[in-house]
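Residues per chain are reported as follows:
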Amino acid sequence: MSLYNKLFARIYDPFMAAAERKKLGSWRRRLISPLQGQVLEVGAGTGVNFPFYRPGVEVLAVDPSKEMLAFAKKKKAALLSKVSIELLPYGIGDPKLDEHIKPASLDAVVATLVLCTIPDPQEAFKRFHTWLKPSGKLLILEHIHAQNPLRRGLEKAINPLWKVLAEGCHLTRDTDLFLREAGFEAVSESYFHLGVRWYAAELIPKSKN
Ligand SMILES: C[S@@+](CC[C@H](N)C(=O)[O-])C[C@H]1O[C@@H](n2cnc3c(N)ncnc32)[C@H](O)[C@@H]1O
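Keep in mind that what you see is a predicted model, and the values were worked out from it rather than measured.

Asks: Provide a residue-level description of the overall build of the protein, including the pertinent values.
Replies: Helices and strands together make up the secondary structure of the protein, namely six helices and seven strands. Whereas a compact globule of 209 residues would reach a radius of gyration of roughly 17 Å, the protein reaches 16 Å, a difference of no more than 12%. Principal axes of the C-alpha set define a box for the protein whose edges measure 45 × 40 × 35 Å. Counting all 209 residues of the protein, 37% fall into the buried class. Across the protein, every contact between residues at least 6 apart in sequence was considered, and the portion connecting residues at least 24 apart equals 66%.

Next comes the structure, spelled out in structure tokens:
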């Protein structure tokens, strides 16, 4: 792993701190604290969501970056509440993750600030459909592509450089639309602006209604 992977993991929390205080932290709490049962958190990063899980929930938190997971381990160790969190160095697309999770076994999948980064979101959506129980939920917090044509153009222009600086993160994904196209239906959803356009939602798989 490169020096930059290590640096990115180290600066992630300080870089995000103001946005977390302003808005993201309260959205994380709102989406995550009601969860129960078996939960998969994909791309858990430094473990920013960990303090919001309630005792009793069983979380499998995965991320392909060992550098990010090293910080997640520390967050897990510092938790005050007794939440069961297993950490594994797997990403979406890794056959080891597919082997690890049984079909229709999950009560929830949590994907925060990760559908912007994973190389193939459509592959992720297929897996979420496979892994979720019929009553399962998909919790999303994500920055998405602007609607305003000027801002959209600007995001497209910045995207190639941003992807390099932010470890593969795209500014140009219409993740809310992708989710609908992939057969997810919002039980609740909100859009807000924080530097860029954001989407927060609780969704269910349509085919499992
Ligand atoms: C911007 S960080 C978000 C971290 C955390 N979810 C949060 O809400 O702050 C994106 C994370 O996605 C992870 N990632 C990259 N490719 C992935 C993949 N194929 N599957 C799962 N996670 C991946 C990265 O290692 C990184 O930790």
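Asks: Give a description of the pairing of strand S3 (residues 84-88) that names residues and reports values.
Replies: On S3, burial follows the alternation: Ile85 and Leu87 on one face are buried, whereas Ser84, Glu86 and Leu88 on the facing-out side are not. Taken together, strand S2 (residues 58-62), helix H2 (residues 66-77) and S3 constitute a β-α-β crossover, and its handedness is right-handed.

Asks: Account for the site of the ligand, naming residues and giving values.
Replies: In the vicinity of the ligand, 18 residues are found, and the nearest of them are Gly43, Gly45, Ser65, Gly91 and Thr112. Residues that form the shell around the ligand fall into these classes: ten nonpolar, seven polar and one charged.

Asks: Explain the environment of Leu106 to me, and be specific about the residues and the numbers.
Replies: For Leu106, the position within the fold is in strand S4 (residues 106-112). Here Leu106 falls in the buried class, since 21 other C-beta atoms lie within 10 Å of it. When the C-alpha atoms of Leu106 and Phe128 are compared, they prove to be 9.0 Å apart, with 22 residues separating the residues in sequence. Sequence-distant contacts of Leu106, that is, excluding residues within four places in its chain, are made with Gln38, Val39, Leu40, Trp131, Leu132, Lys133 and Gly136.

What counts and what doesn't
Residues numbered from 1 in each chain as written. Predicted model: local features only at pLDDT ≥ 70, side-chain atom pairs only at ≥ 80, totals over all residues. Helix = DSSP H or I, 4+ residues; strand = E, 2+ residues; numbered from the N terminus. Rg over C-alpha atoms; globule rule 2.2 N^0.38 Å. Buried ≥ 20, exposed ≤ 12 C-beta atoms within 10 Å, placed from the backbone. Contact = placed C-beta atoms within 7 Å. Right-handed = clockwise from strand over helix to strand, strands pointing away. Near = placed C-beta within 6 Å. Nonpolar A, V, L, I, M, F, W, Y, C, P; charged D, E, K, R; others polar.

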